[in-house]
Amino acid sequence: MQAANCKQCLLWVIATVIGIVSPEPTVRPLVINTWPFTRAAEAAWNVLELGGSALDAVEKGCTQCEIDQCDGSVGYGGSPDEYGETTLDAMIMNGNTMEAGAVANLRRIKNAIGVARAVMEYTKHTFLVGESASLFAQSMGFPSEDLTTSKSISIYSKWLDQNCQPNFRKNVIPDPLQSCGPYKPVRGLQVGKQAVIQKDVNVHHHDTIGMIAIDKAGNLAAGTSTNGATHKIPGYFRRVGDSPIIGAGAYADSAAGAAAATGDGDTMMRFLPSYQAVEYMRIGIDPSAACQKAIIRIQKYAKDFFGAIICTNITGSYGAACSKAPGFTQFHFTVFKPGIARPQEEVVDCL
């Protein structure tokens, strides 16, 4: 680790000399998370102020959002799938050891980020999915609970009344723009040169808490938690978005920086924006510029995609960027740092 830090310091000095970055004072501890989820930031900050680890802070902060059901897009009782069931995705990453744990399609368990950490600490695996993840969680002592609420039932019923609009189907019959199905694939489609990404269904149907923490010792961690896209395709192999994918939803390396993303996961996961942003910071690029470059890379293929990313380097310098989409021109995120009494909401204009 010492050698890695020395290498990073050398890269930072070189980058400063040639003008890529300017030297900045170290800010520790630090919490930054997507969206104005201030209670989550407070929960994480309380851990850091008491001398706790970045990893503990991220778990605590994301857990708070799961309890609060942040924006209806995190935790139980939100984003029902095509069968009306709420399932959860989460991941957590230790920037010191590069260990990570993730779960997807987690059923009956409310504390998804806690289960993700258990995967990291009590198994040799990285990613557990579906019923296997739920059974593992129960074996680790997590209680089995119903994730359905009156709100999620109402969302699902309204969707059925609207002929299942919007949905995530394409190239099927009957017409998914007019019918609930059941669907069958249209055979013999002509495959030609076309845009590789289609427009997102709705910018309000999938948000995530992505959180980054730096503790007093300079250790970094990152994590995510979400209940996924509303009306996502269910089944034995349910749709999984970017949130639990290491390098897509979040990434942390205590020798370079950390990043976390939110938005249209079906688009963003194809470009690993969190990993990409950290690699930009590794060579000394400013966090704001690193976030912007990660977004611009995706826009080459999906001009109007809905998404945003937060970034921080090892000094605690941070930034954010977003992609302009219909109904989404600014991105709000939360920061808690030394010198302020409560978390502050910041905003960036989308590219």
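All values derive from a computational prediction rather than experimental measurement.

About the cut-offs
Residues numbered from 1 in each chain as written. Predicted model: local features only at pLDDT ≥ 70, side-chain atom pairs only at ≥ 80, totals over all residues. Heavy atoms only, no water. Helix = DSSP H or I, 4+ residues; strand = E, 2+ residues; numbered from the N terminus. Buried < 20%, exposed > 50% of the residue type's maximum accessible area, 1.4 Å probe, protein only. Salt bridge = Lys/Arg side-chain N within 4 Å of Asp/Glu carboxyl O. pLDDT = per-residue confidence, 0-100. Contact = heavy atoms within 4.5 Å. Core = buried A, V, L, I, M, F, W, Y, C linked by side-chain atoms within 4.5 Å. Expected span 1.5 Å × (residues − 1). Polar contact = N/O pair within 3.5 Å; in protein donor to acceptor, adjacent residues only side chain to side chain.

Draft legend 1. The environment of Met 281, seen in detail. As for its position among the elements, Met 281 is in helix α8 (residues 273–282). Met 281 gets classed as buried once you look at its relative accessible area, which sits at 0%.

Draft legend 2. Spotlight on the pattern of salt bridges. Summed over all chains, the structure comprises 11 salt bridges. Across the pair Glu 145 and Lys 110 runs a salt bridge whose closest N-O atoms are separated by 3.6 Å. Here Lys 110 lies in the loop between β3 (100–106) and α4 (112–122) and Glu 145 lies in the loop between α5 (131–139) and α6 (150–161), a separation of 35 residues in the sequence. Using a relative accessible area of 26% as the deciding quantity, one classes Lys 110 as partly exposed. Between Arg 282 and Asp 253 there is a salt bridge, and its shortest N-O distance comes to 2.7 Å. Taken together, the residues Arg 282 in helix α8 and Asp 253 in strand β9 (residues 250–253) connect sequence positions 29 residues apart.

Draft legend 3. Region of interest: the confidence of the model for the chain. Looking at the chain as a whole, the pLDDT averages 88, with 86% of positions reaching at least 70. Of the regions scoring below 50 in pLDDT, residues 16–22 engages in 11 contacts with residues more than four places distant in sequence or in other chains.

Draft legend 4. Molecular detail of unusual backbone geometry. Along the chain, Gln 165 connects to Pro 166 via a cis peptide bond; the corresponding omega equals -5°. For the bond from Gly 181 to Pro 182, the omega torsion is 10°, close enough to zero to count as cis. Note on placement: Pro 182 falls in the loop between β5 (172–173) and β6 (184–185). With phi around 65°, Met 98 is a residue other than glycine that occupies positive phi space. With respect to the element layout, Met 98 can be found in the loop between β2 (88–94) and β3. The backbone phi angle of Asn 163 is positive, close to 55°, even though this residue is not glycine.

Draft legend 5. Layout of the nonpolar core. By size, the foremost hydrophobic cluster in this structure holds 89 residues, and its most contacted members are Ile 309, Phe 328, Phe 331 and Phe 333. Among the elements that make up this core, the one with the highest residue count is α4 (7 residues).

Draft legend 6. Looking closely at helix α9 (residues 287–299). Look at α9: 19 Å from first C-alpha to last across 13 residues, which is about the 18 Å you get at 1.5 Å a residue. For α9, the complete set of buried residues consists of Pro 287, Ala 290, Cys 291, Ala 294, Ile 295, Ile 298 and Gln 299. Summarising the contacts, the buried residues of α9 are in contact with α7 (265–268), α8, β11 (307–313) and β12 (318–323). One side-chain oxygen of the residue at the start of α9 lies 2.9 Å from the amide nitrogen of Ser 288, identifying that residue as Asp 286.

Draft legend 7. Quick look at the side chain of Thr 312. Locating Thr 312 in the fold gives a position in strand β11. Under the relative-accessibility criterion, Thr 312 is labelled buried at 0%. Side-chain polar atoms of Thr 312 contact the backbone oxygen of Ser 317, separated by 3.0 Å. Not counting the four nearest positions on each side in its chain, Thr 312 is found in contact with Leu 30, Ile 212, Ile 214, Leu 220, Gly 257, Ala 258, Met 281, Pro 287, Ser 317 and Tyr 318.

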